[in-house]
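Given next are the chains, with one letter for each unit.
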Amino acid sequence: MPADSSPTRGTPASSTPTRQKPSRSLVIGIVMAIVVAVVIVIAVVVASLGSAASSSGSAPDANSQGVDAGGTPLPVDGAGAPSVAGPTTDPRDPAQPVEQAPVPLDSPAAVADGLSVSISEITSVDGVASGVGEIGGPSLKFTVTATNSGTAAVSLQTAVVDLSYGASQTPSNELVSASIPLPAEVGAGQAVTGSYVFVVPAEERDAVRITLDYRAGSPVAVFEGAAPR
């Protein structure tokens, strides 16, 4: 009887190999490696930032060390701390106006070669305010005369007239709307006038000071005296 070549019942005809899953220990090792790498990166970044901050904060300031940028020792104050001098104003600055010695209100003053100015016709008036922002009141009105004895016309475009009064020399407010300023120039051998009104309390007129700044760089003419009440 021939042998039975059919597969034995219950036994599979062929077997397929099965894929093995990673072990639990391998997974844990991979995770720990990733965590360690992240920690190392964070540590490097933090160390770099700390080093930069330390280097920027450690540079000594010249003034805090008591020397200037060139290494010259700075003066110290009363507490022994270095002091740094601030900017100073040079009293010899040519931009600062220089005043002439005061003259009486009725005397002329020379402000340039061939050019003199004088004050006249000082009267007490009731100043009327007509301009924006002006405040009227008891005022002084006076005439300024500019006389040119030279051979060429002189510009008066930048001439400025001011008045102060009282023991503290309070600056007065000009009533521009009531004033007629000097013209733009005075011709050779000519004289021109301007009329000015300044508010001055009657009780403060014992010490009146009128100045005329002809132009930058020229001495300021100063007139002082008592004015009518």
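Scope of this entry: the structure provided in the associated data block.

Conventions used here
Residues numbered from 1 in each chain as written. Predicted model: local features only at pLDDT ≥ 70, side-chain atom pairs only at ≥ 80, totals over all residues. Heavy atoms only, no water. Helix = DSSP H or I, 4+ residues; strand = E, 2+ residues; numbered from the N terminus. Buried < 20%, exposed > 50% of the residue type's maximum accessible area, 1.4 Å probe, protein only. Contact = heavy atoms within 4.5 Å. Areas by Shrake-Rupley, 256 points an atom, 1.4 Å probe, with all protein chains shown as cover. Phe/Tyr/Trp six-rings, centres within 6.5 Å; stacked < 30°, edge-to-face > 60°. Pairing = 2+ DSSP bridges.

Describing the overall build of the protein chain
Point 1. Of regular secondary structure, the protein chain possesses 1 helix and 11 strands.
Point 2. When the helices and strands of the protein chain are placed in sequence order, the string is α-β-β-β-β-β-β-β-β-β-β-β.
Point 3. Scored against the burial criterion, the 229 residues of the protein chain give a buried share of 24%.
Point 4. Across the protein chain, contacts joining residues at least 24 apart in sequence account for 62% of those joining residues at least 6 apart.
Point 5. As displayed, the protein chain has an accessible area near 15500 Å², and 59% of this comes from carbon and sulfur atoms.

As for the packing of aromatic side chains
Point 1. Tallied over the entire structure, the rule returns 2 aromatic pairs.
Point 2. The interplanar angle of 25 degrees and the centroid separation of 6.1 Å between the aromatic rings of F142 and Y196 together place this pair among those described as stacked. Here F142 is found in strand β4 (residues 137-148), whereas its partner Y196 is found in strand β9 (residues 191-199), with 54 residues between them in sequence. A single burial state applies to F142 and to Y196, both of which are buried.
Point 3. Plain terms: the ring middles of F142 and F198 are 5.9 Å apart, the flat faces sit at 10 degrees to each other, and that makes the pair stacked. With F142 in strand β4 and F198 in strand β9, the pair connects residues that are 56 residues apart, well separated along the chain.
Point 4. Among the residues examined, F142 registers a relative accessible area of 1% and is labelled buried.
Point 5. An aromatic cluster of three or more residues is present, and its members are F142, Y196 and F198.

Let's talk about the environment of S118
Point 1. Tracing the chain through its elements places S118 in strand β3 (residues 115-127).
Point 2. Put simply, S118 and V103 are 15 residues apart on the chain and 9.9 Å apart in space, counted from C-alpha to C-alpha.

Brief notes about the pairing of strand β10 (residues 208-213)
Sheet faces and side chains relate simply in a regular strand, where the side chains alternate between the two faces.
Point 1. The buried fraction of β10 amounts to 5 of the 6 residues, a majority that puts the element mostly inside the structure.
Point 2. By the bridge criterion, 6 bridges tie strand β6 (residues 160-165) to β10 in an arrangement that is antiparallel. Looking at β10, one finds that Y165 is bridged to V208.
Point 3. Bridge count for β10 against strand β11 (residues 221-225) is 5 bridges, and the pairing is antiparallel. Across the sheet, residue V208 finds its bridge partner in β11, namely G225.

Remarks on the sheet that holds β11
Point 1. Pairing is mixed in the open sheet, where 5 strands are placed in the order β1-β11-β10-β6-β7. The open sheet has two free edges, formed respectively by β1 (103-104) and β7 (170-171), since each of these has just one partner strand.

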